[in-house]
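Chain and residue survey
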Amino acid sequence: MAINSALPPLSPHTPGIRIRDTVPAPGIVHLGLGNFHRAHQAVYTDAAISAHGGDWGIIGVSSRSRAVTDAMHAQNMTYTVVEISPEGSTFSTPRVHSDVFVAAEDPERVVAEIGAPTTRIVSLTVTENGYTYSPATGSLNLVDADVQRDLAQASAPRTPIGQIVRGLQQRSRTHGQPVTILSCDNLADNGHHTQRLVREFASLLPAAEAAETLQWIDANVSFPSSMVDRIVPATTEEYRQLVADNCGYSDAIPVPAEPFTMWILEDNFIAGRPAWEAGGAVFTDNVAGYEQLKVRLLNGTHSLIAYLGALSGAATIPESVGKDYIESAARSVLRREYLPSITVPEAVDVGAYEEQLFSRWRNSALGHRTSQVGSDGSVKLRQRIPLPALEMLDGGVMPHYLALTAAAYMTCVAPLKGFDPGVHAAAMQDPARQLLASYASESSTGLELAQKVLGEHHLLGDELATRSGFIQRTGDFIEILHSHGAAAAVREAAHPTVPQPAESPTVS
Ligand code: CS2
């Protein structure tokens, strides 16, 4: 992986870099050692420890891959964060990981680390998909083989929720010290979402064990919500080269990131926390307002940009949003369909927020891929579309652009027979890809596909599954995307050619 074998590898002794000379003692176990964590929470933690000290080192757990853990060991727990903007790049080298390892290689250690008395926070960036919840119900996905296995056997859990519950049980049975579970993923109300799944898992254990575990959790574990925001693409050879050229060392695992970063948290840490405000984190009682703002305006709009872009041949988000019709669709879904569904926090100027989003998306130096944002739509869209869509439908208005988002997603990952959505759509990964492809192979029209995916499979939840007008509209857009392309579908969303009286809410 080395770029230039003549260059020394990055280490704390590399001349000319500012870096902590010892790794901090651990206080946090983090599940999900991907790029996002290393460019976000790790950077805030570095600032907190630099400003105020404290044993808040992070034990980073990668679920399966050794790529990051091997390199972190080889580089003495450090790596480069490369802030990329069209004006230029800046480089920094956080060093906050006390240790890192791979869960699949040492599953018992995950439980032991979560259970250790030194651990006061267990944080997660495991993506929407890592929570093993069912998009249809929002509850634990009991048909997932790993969930079933983790419930049936106490040892070597594989799912993050299973690992957490087994680690909490260890705490309750040994020292009994309280701990905070901190979700840092893009899930609406992520603290409560995680708490619900953890409690649900615990409640499915054998009766006596379930009661004891739940009681301990309720008294000793806090689940603050947090809103995380920073665009962090995947590492490529180009970024390794950039580091080599600018820093004079070779780093196998640099993390590219946009300059913008934001972290809003609920201050509910039962066993203490680092002074993350030193890195700019904001503690507030209104995390929910910020989460909705971010998950809908940023992430929801991002999905539409990714799917329409991929279908238009755009490899990256800046290339996609650079097409006039995609920018116009993005602005419309943001303003007309996502915005009315949220209460904007008082401190936020929504016009400025929108402009800032577009300028972040246009950061062409960053090369954020449409296939990356488009991946895992089956679990991401469940967080983004249903609530705003239902609110509009209940108010008698058809959310055309949200239906277009769902249709563009299906066209990318489950196209009808004979349609090739292109290489960027093909590169999108999705846990439901195979299942949706089988629905597509049994469908001959867009409507049939939409009915199967939304109506029968409940991909966007139980409630939207009952809204035939929305499903019909999604089917229309699938047809247009297949026959006339993304620009035509955007025209149809802007000037619908079919009368669309939105249905009144279904009576249950
Ligand atoms: C993106 C996010 O992949 C996606 O779905 O919308 O990863 C987005 O880049 C981050 O949430 C920005 O904070």
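Worth saying up front: this structure is predicted, and the values here are computed from it rather than measured.

**Thoughts on the overall build of the protein chain**
Along the backbone of the protein chain there are 22 helices and 12 strands. Whereas a compact globule of 508 residues would reach a radius of gyration of roughly 23 Å, the protein chain reaches 23 Å, a difference of no more than 12%. Dimensions along the principal axes, computed over C-alpha positions, put the protein chain at roughly 65 × 60 × 45 Å. A total of 508 residues make up the protein chain; the buried ones form 57% of that total. Contacts in the protein chain between residues at least 24 apart in sequence constitute 78% of all its contacts with a sequence separation of at least 6.

**As for the site of the ligand**
Contacts to the ligand come from Asn186, Asp229, Arg230, Ile231, Lys294, Asn299, His302, His368, Val373, Lys380 and Arg384. Within the side chain of Lys294, a nitrogen or oxygen atom sits 2.5 Å from an oxygen atom of the ligand. Within the side chain of Asn299, an N or O atom sits 2.9 Å from an oxygen atom of the ligand. Counting only elements with at least two residues in the shell around the ligand, the list comes to α10 (287–311) and α15 (377–384). With 3 residues, α10 is the single largest residue contributor to the shell around the ligand. Residues of the shell around the ligand, tallied by class, amount to 2 nonpolar, 4 polar and 5 charged.

**What about the sheet that holds strand β6 (residues 121–124)?**
Strand order in the open sheet made by the 6 strands is β5-β2-β1-β6-β7-β8, with parallel pairing throughout. Each edge of the open sheet is held by one strand with a lone partner, namely β5 (97–102) and β8 (221–222). Alignment of strand β1 (residues 26–31) against β6, held across 4 bridges, turns out to be parallel. From the neighbouring strand, Val29 faces β6, where its bridge partner is Val122. Against the sheet, helix α3 (residues 67–74) touches β2 (57–62) and β5, its axis set at about 140 degrees to β5.

**Brief notes about the sheet that holds strand β12 (residues 282–283)**
The strand order β9-β11-β12 describes an open sheet built from 3 strands, whose pairing is mixed. With partners counted over all chains shown, the strands left at the sheet margins are β9 (226–229) and β12, one partner each. As judged from the 2 bridges shared by strand β11 (residues 262–265) and β12, these two strands associate in the parallel manner. Looking across to β12, one finds that Leu265 is bridged to Phe283.

**Remarks on the nonpolar core**
One broad rule of soluble globular proteins: the nonpolar side chains tend to lie buried together. Ranked by size, the top nonpolar core spans 79 residues in total, and within it Leu308, Trp361, Ile385, Leu404 and Phe470 carry the most contacts. Grouped together as the second largest cluster of nonpolar side chains are 35 residues, Leu31, Val61, Ile181 and Trp216 included.

**Observations concerning the packing of aromatic side chains**
In the structure shown here, the tally under the stated rule is 6 aromatic pairs. A ring pair is formed by Tyr44 and Trp263, whose centres lie 5.2 Å apart and whose planes are at 65 degrees; its orientation type is edge-to-face. On the criterion of sequence distance, the pair formed by Tyr44 in helix α2 (residues 41–52) and Trp263 in strand β11 is long-range, its members being 219 residues apart. Trp263 matches Tyr44 in its accessibility class, with the two residues each being buried. Residues Trp263 and Trp276 carry aromatic rings whose centres are separated by 4.6 Å and whose planes lie at 50 degrees to one another, so their mutual orientation is tilted. Of this pair, Trp263 sits in strand β11 while Trp276 sits in the loop between β11 and β12; the two residues are 13 residues apart in sequence, bridging distant segments of the chain. Classification of Trp263 by relative accessible area gives buried; the value is 0%.

Conventions used here
Residues numbered from 1 in each chain as written. Predicted model: local features only at pLDDT ≥ 70, side-chain atom pairs only at ≥ 80, totals over all residues. Heavy atoms only, no water. Helix = DSSP H or I, 4+ residues; strand = E, 2+ residues; numbered from the N terminus. Rg over C-alpha atoms; globule rule 2.2 N^0.38 Å. Buried < 20%, exposed > 50% of the residue type's maximum accessible area, 1.4 Å probe, protein only. Contact = heavy atoms within 4.5 Å. Near = heavy atom within 4 Å. Polar contact = N/O pair within 3.5 Å; in protein donor to acceptor, adjacent residues only side chain to side chain. Nonpolar A, V, L, I, M, F, W, Y, C, P; charged D, E, K, R; others polar. Pairing = 2+ DSSP bridges. Axes fitted to C-alpha atoms, helices over the stretch in contact; angles between N-to-C directions. Core = buried A, V, L, I, M, F, W, Y, C linked by side-chain atoms within 4.5 Å. Phe/Tyr/Trp six-rings, centres within 6.5 Å; stacked < 30°, edge-to-face > 60°.

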